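# A closer look at the structure
Listed below, chain by chain, are the residues.
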Amino acid sequence: LERQLLMQNQMRERQTAIQIAWTREFLKYFGTFFGLAAVGLTARAIKKKNPGLILPIVPLSFIFAYQYDMGYGTLLQRIKGEAENILDTQSTLLELPKGPLTYEDLEKIRRSQSKFFIEK
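Only a predicted model underlies this, so the values are computations on that prediction, with no experimental measurement involved. (Residues numbered from 1 in each chain as written. Predicted model: local features only at pLDDT ≥ 70, side-chain atom pairs only at ≥ 80, totals over all residues. Heavy atoms only, no water.)

This part takes up the side chain of Glu 107. Structurally, Glu 107 can be placed in helix H4 (residues 103–113). A relative accessible area of 16% means that Glu 107 is categorised as buried. Here Arg 110 takes part through its side chain, which lies 2.7 Å from a polar atom of the side chain of Glu 107. (Helix = DSSP H or I, 4+ residues; strand = E, 2+ residues; numbered from the N terminus. Buried < 20%, exposed > 50% of the residue type's maximum accessible area, 1.4 Å probe, protein only. Polar contact = N/O pair within 3.5 Å; in protein donor to acceptor, adjacent residues only side chain to side chain.)

Dropping the structure here:
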């Protein structure tokens, strides 16, 4: 059981590392897009004398900030802290509808889905 727990933890850590690495890689491409879009939209707004052309920069900046926080900031620590807070203070939110699944519930579902099961 201890080995299984260690293996599950290692898999979780590896999946988290992959997620962070993916975010950092995505940030490189999105950062380039964001920079070019910001420069282009600003130049066009100045040339056309239309400040409304800068408006798309606002949502793009929120996406950029989120991705940066995920890849290089403290977003994961804040998420972990909030998850620990929910586990400690609001555990009733985690309860499953109709309570935890039992072996009898699984057998009842299996029997109802089985075409070959004959009830005695």
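We are not done yet, so read on.
We now examine the UniProt feature "transmembrane region" (unreviewed entry) in the chain. The feature "transmembrane region" (unreviewed entry), as annotated in UniProt, sits at residues 26–46 and 52–68 in this numbering. The span residues 26–46 is 100% helical and 0% strand by assignment, and the distance between its end C-alpha atoms comes to 30 Å. Between the end C-alpha atoms of residues 52–68 there is a gap of 26 Å, over a span that is 71% helix and 0% strand. (UniProt positions renumbered as here; feature names shortened; annotations may be inferred.)

What follows deals with helix H2 (residues 57–72). When the terminal C-alpha atoms of H2 are compared, their 21 Å separation across 16 residues agrees well with the 22 Å that a helix rising 1.5 Å per residue should span. Among the structural elements, helix H1 (2–48) and helix H3 (75–89) are those in contact with the buried residues of H2. (Expected span 1.5 Å × (residues − 1). Contact = heavy atoms within 4.5 Å.)

Time to look at the pattern of salt bridges. Counted by the stated rule, this structure contains four salt bridges. A salt bridge links Glu 107 to Arg 110; its shortest N-O distance comes to 2.7 Å. Here Glu 107 and its partner Arg 110 are both found in helix H4, three residues apart, which amounts to about one turn of the helix. (Salt bridge = Lys/Arg side-chain N within 4 Å of Asp/Glu carboxyl O.)

Quick look at the packing of H2 against H3 now. Look at H2 against H3: their axes get within 6 Å of each other, and the N-to-C directions meet at 80 degrees. Looking at the two axes, H2 sits roughly perpendicular to H3. Residues Tyr 66, Asp 69 and Met 70 of H2 pack against Leu 75, Leu 76 and Arg 78 of H3. Here the residues of the contact of H2 with H3 are counted per class, giving four nonpolar, no polar and two charged. (Axes fitted to C-alpha atoms, helices over the stretch in contact; angles between N-to-C directions. Parallel < 35°, antiparallel > 145°, perpendicular 65-115°, else oblique. Nonpolar A, V, L, I, M, F, W, Y, C, P; charged D, E, K, R; others polar.)

What follows covers a nonpolar patch on the surface. Taken together, the side chains of Leu 55, Val 58 and Phe 62 define a hydrophobic patch exposed on the protein surface, amounting to about 340 Å² of accessible area. With respect to the helices and strands, the residue Val 58 is situated in helix H2. Under the relative-accessibility criterion, Val 58 is labelled partly exposed at 43%. (Patch = residues over 30% accessible without salt bridge, like charges linked within 9 Å, V, L, I, M, F, W, Y side chains within 5 Å. Areas by Shrake-Rupley, 256 points an atom, 1.4 Å probe, with all protein chains shown as cover.)

Here the focus is the nonpolar core. Judged by nonpolar contacts, Phe 30, Phe 34, Ala 37, Ala 38, Ile 57 and Leu 60 together constitute the single largest core of six residues. Taken together, the elements giving at least two residues each to this core come down to H1 and H2. It is H1 that contributes the most residues to this core, four residues altogether. (Core = buried A, V, L, I, M, F, W, Y, C linked by side-chain atoms within 4.5 Å.)

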